Amino acid sequence: MKNVFKIGALTLAMFAFAFTGQAQQTFGYVDAQAILAELPAVKQAEANLEALQAQLQKKLEASVSQFQQDVQTFQQKVERGELSRIQQEEQQRALEARQQELAQEEQGMVQQIQDKRTELLEPIYDSLNEAIASVAEENGFTFIFDKQVLLYSEESQDMSEAVKAKINI
């Protein structure tokens, strides 16, 4: 955390020193997280992601439950002596392969959710960034920072409301 603070402070200092000899620089900031939280499109995307996650989770749980039943059945057959050594080895290999498939299925589920998140949220982030750039140009700002990285700011430099107006919220 200290390194992040040092890097952020160093970056701000570099900007300040690099531009002191040039024309007046103007800085503004936005609270991107607050803006995103108010966007109906973000709320809809989150709802869609939750639904997808629930659907995939239910499917995975059903597969895991079936696997557990198969393992239990295998163990009962072994305890009752119903399987020869060769059959035990074959079934054990099949169960191990199924366990690996379940792990891959889980990884695929995580990747599918991440891909869907990117698909749904990237256009929203792009439109927010475009609105921020537009507000910066219209108001003559050289830099717009996110509120989360600021140590101090004057409220008059908050461009969040202008960005909200630009994206109609």
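Quick caveat, the model's predicted, so the values are computed rather than measured. (Residues numbered from 1 in each chain as written. Predicted model: local features only at pLDDT ≥ 70, side-chain atom pairs only at ≥ 80, totals over all residues. Heavy atoms only, no water.)

## Details of the overall build of the protein chain
What counts, and what does not: By the criteria applied, helices consist of DSSP H or I runs no shorter than four residues and strands consist of E runs no shorter than two, each listed in order from the N terminus. Burial classification: accessible surface area is computed with a 1.4 Å probe over protein chains only, and a residue below 20% of its type maximum counts as buried, one above 50% as exposed, and the rest as partly exposed. When checking whether two residues touch, look at their non-hydrogen atoms; a contact exists if any pair is within 4.5 Å.
Secondary structure assignment for the protein chain yields five helices and two strands. Every one of the 169 residues in the protein chain was classed for burial, and the buried ones make up 23%. A separation threshold of at least 6 residues defines the contact pool for the protein chain, and within that pool the share at least 24 residues apart is 86%.

## Looking at the packing of aromatic side chains
How we decide: Any Phe, Tyr or Trp ring, taking Trp's six-membered ring, that has another such ring centre within 6.5 Å forms a pair; planes under 30 degrees apart are called stacked, those over 60 apart edge-to-face, and the others tilted.
According to the stated counting rule, one finds three aromatic pairs in the structure shown. For the pair Phe27 and Phe143, a centre-to-centre distance of 5.3 Å together with 10° between the ring planes defines the contact as stacked. With Phe27 in strand β1 (residues 27-30) and Phe143 in strand β2 (residues 143-146), the pair connects residues that are 116 residues apart, well separated along the chain. Between Phe27 and Phe145, the aromatic rings sit 6.0 Å apart at their centres with planes inclined by 20°, giving stacked as the arrangement. Of this pair, Phe27 sits in strand β1 while Phe145 is found in strand β2, placing the two residues 118 residues apart along the sequence. According to the relative accessible area criterion, Phe145 is buried, its value standing at 17%. Through a chain of ring-to-ring contacts, three or more aromatic side chains come together here, namely Phe27, Phe143 and Phe145.

## Brief notes about helix α3 (residues 40-80)
Stated formally: Any helix carries an expected span of 1.5 Å times its number of residues minus one.
When the terminal C-alpha atoms of α3 are compared, their 60 Å separation across 41 residues agrees well with the 60 Å that a helix rising 1.5 Å per residue should span. Among all positions in α3, only Val42, Ala45, Leu49, Leu52, Leu56, Leu60, Ser63, Phe67 and Phe74 are buried. Against α2 (32-38) and α4 (85-138) lie the buried residues of α3. Positive backbone phi, at 75°, marks Gly81, one or two positions downstream of α3.

## So, the confidence of the model for the protein chain
If pLDDT is low for a region, its predicted coordinates should not be looked at in detail. This is how the line gets drawn: What pLDDT reports is the predictor's confidence in each residue, on a scale of 0 through 100.
For the protein chain, the average pLDDT comes to 88, and 86% of its residues sit at 70 or higher. Note on residues 1-10: pLDDT under 50 across the span, and one contact to partners over four residues away in sequence or across chains.

## A short note on the environment of Lys166
Selection criterion: What qualifies as a polar contact is a pair of N or O atoms within 3.5 Å, subject to a donor-acceptor requirement within protein and to the restriction that residues adjacent in sequence count only when both atoms come from side chains.
Mapped onto the elements of the fold, Lys166 is located in helix α5 (residues 160-166). Its relative accessible area of 35% is what places Lys166 among the partly exposed residues. Taking the C-alpha atoms as reference points, Lys166 and Val135, 31 residues apart in sequence, are found 7.6 Å from one another. Non-local contacts of Lys166, meaning those with residues more than four positions away in its chain, are made with Ala131, Ser134, Val135 and Glu138. Polar side-chain contacts of Lys166 include one of 3.3 Å to the side chain of Ser134. Within polar-contact distance, the side chain of Lys166 engages the side chain of Glu138 at 2.4 Å.

## As for the pairing of β2
Under the convention used in this document: Strand pairing is defined by DSSP finding a minimum of two bridges between the two strands.
Taking every second residue as pointing to the same face, the buried face of β2 carries Phe143 and Phe145, while none of Ile144 and Asp146 on the other face is buried. By the bridge criterion, four bridges tie β1 to β2 in an arrangement that is parallel. From the neighbouring strand, Gly28 faces β2, where its bridge partner is Ile144.

## Focus on the packing of α3 against α4
The test is simple: Lines fitted to C-alpha atoms define the axes here, with helix axes fitted over just the stretch in contact, and angles between the N-to-C directions of these axes take values from 0 to 180 degrees. Just so you know how the angles are binned, under 35 degrees is roughly parallel, over 145 roughly antiparallel, 65 to 115 roughly perpendicular, and the rest oblique.
Where α3 contacts α4, the two axes come as close as 10 Å, and the packing angle between them is 180°. Put simply, α3 runs roughly antiparallel to α4.

## Here we look at the nonpolar core
We apply this condition: For this analysis, a nonpolar core means a set of buried residues of the types Ala, Val, Leu, Ile, Met, Phe, Trp, Tyr and Cys, connected via side-chain atoms within 4.5 Å.
Among the nonpolar cores identified, the biggest contains 20 residues, and Ile124, Leu128 and Val163 are the most heavily contacted of them. Sorting the residues of this core by element identifies α2, α3 and α4 as the ones contributing at least two each. Per-element accounting of this core gives the leading share, eight residues, to α4. Those residues in contact with Ile124 that lie beyond four places of it in its chain are Leu36, Leu39, Ala41, Val42 and Ala45.

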